[in-house]
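Residues per chain are reported as follows:
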Amino acid sequence: MALYEFDGKRPLVPADSFVHPTAALIGDIRLGHQCWVAPGVTIRAEFGPVEIGDCSNIQDNSIIHVNPDASVTIAENVIVAHCVILHDVNIKTRCIIGMGSILMFNVVCEEDVIVAAGSVVPKNMIIPAGKIVSGYPAKIIGDVSEKQKLMAREGVDVYRDLCRKYLTTMKAVG
Ligand SMILES: CC(C)(COP(=O)(O)OP(=O)(O)OC[C@H]1O[C@@H](n2cnc3c(N)ncnc32)[C@H](O)[C@@H]1OP(=O)(O)O)[C@@H](O)C(=O)NCCC(=O)NCCS
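Residues numbered from 1 in each chain as written. Predicted model: local features only at pLDDT ≥ 70, side-chain atom pairs only at ≥ 80, totals over all residues.

K.L.:
Before we go on, may I ask you to explain the overall build of the chain in this structure?
P.N.:
If you tally the helices and strands in the chain, you get one helix and 19 strands. The C-alpha radius of gyration of the chain comes to 15 Å, within 12% of the 16 Å expected for a compact globule of 174 residues. When its C-alpha atoms are laid out on the principal axes, the chain stretches across 45 × 35 × 25 Å. Looking at the chain residue by residue over its 174 residues, the buried ones come to 40%. Taking as baseline every contact in the chain between residues at least 6 positions apart, the subset at least 24 positions apart corresponds to 10%. (Helix = DSSP H or I, 4+ residues; strand = E, 2+ residues; numbered from the N terminus. Rg over C-alpha atoms; globule rule 2.2 N^0.38 Å. Buried ≥ 20, exposed ≤ 12 C-beta atoms within 10 Å, placed from the backbone. Contact = placed C-beta atoms within 7 Å.)

K.L.:
Explain helix α1 (residues 146-169) here, please?
P.N.:
For α1, built from 24 residues, the straight-helix expectation of 34 Å at 1.5 Å per residue is met to within 8% by its first-to-last C-alpha distance of 34 Å. Inspection of α1 places Ala-152, Val-156, Tyr-159, Arg-160 and Cys-163 among the buried residues, and these make up the whole buried set. (Expected span 1.5 Å × (residues − 1).)

K.L.:
Is there a simple way to think about the sheet that holds strand β4 (residues 36-37) in this case?
P.N.:
What links the strands of a sheet is backbone hydrogen bonding, and the strands pair in either a parallel or an antiparallel sense. Here we have eight strands laid out as an open sheet, ordered β2-β4-β6-β9-β12-β15-β18-β19, and mixed in their pairing. Where the open sheet ends on each side, the last strands, each with one partner, are β2 (18-19) and β19 (138-143). The pairing of strand β9 (residues 79-80) with strand β12 (residues 96-97) spans two bridges and is classified as parallel. When the sheet's bridge partners are listed, Ile-79 is paired in β12 with Ile-96. (Pairing = 2+ DSSP bridges.)

K.L.:
Got a minute to help me understand the pairing of strand β18 (residues 131-135) in this structure?
P.N.:
Put simply, side chains in a regular strand alternate between the two faces of the sheet. For strand β15 (residues 114-115) and β18, the ladder comprises two bridges, and the chain directions are parallel. Counted as the bridge partner of Ile-114 is Ile-132 from β18. Between β18 and β19, which pair antiparallel one after the other, the connecting turn spans two residues.

Such coordinate-based values are descriptive only and should not be taken to indicate function.
Here it is as structure tokens:
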């Protein structure tokens, strides 16, 4: 794992979470249990804390950063898909942050939100629970259906299993 202490603070990663060796976690980061952090992820917490709840996954090449006097909170059972940028955000439980989306400063996603792939969520936007947002700038386009909520749960389960498998079977071979 590429975990780096910075200014006296170091990432805390429990033994049952997986962080790929090519991910870089720097500074004041606390990861929950059974989290999965993909190749190429960067989490830089030099100026403020990043907290990620149990069973959340951060997928390939996503970037999380914190400004001075700010923080990032990602609750449990959250899916952060590939190539997402998160800055000073508060993401509550069971959200899906779609591929390639950007969440600007102080965005709040309440529970069960879906951010559509490729969206840019403007600073200070508070997305109410159970809403889908989409576009640039992102706007609310509808409600998350029960089927989508089920898919979100299944997605979290898949990544929790993946976490176990990575911890027990992944090895560098070349
Ligand atoms: C937004 C989203 C939830 C809509 O899914 P859906 O309800 O199945 O909707 P559909 O694919 O049937 O598309 C419905 C409409 O939304 C549009 N749409 C779909 N995804 C969109 C997106 N990311 N941005 C803008 N518009 C989008 C479609 O073009 C379609 O428009 P139309 O009605 O004018 O034809 C889904 O496309 C999405 O982005 N999910 C996130 C996926 C993701 O990144 N998951 C994590 C994987 S690791």
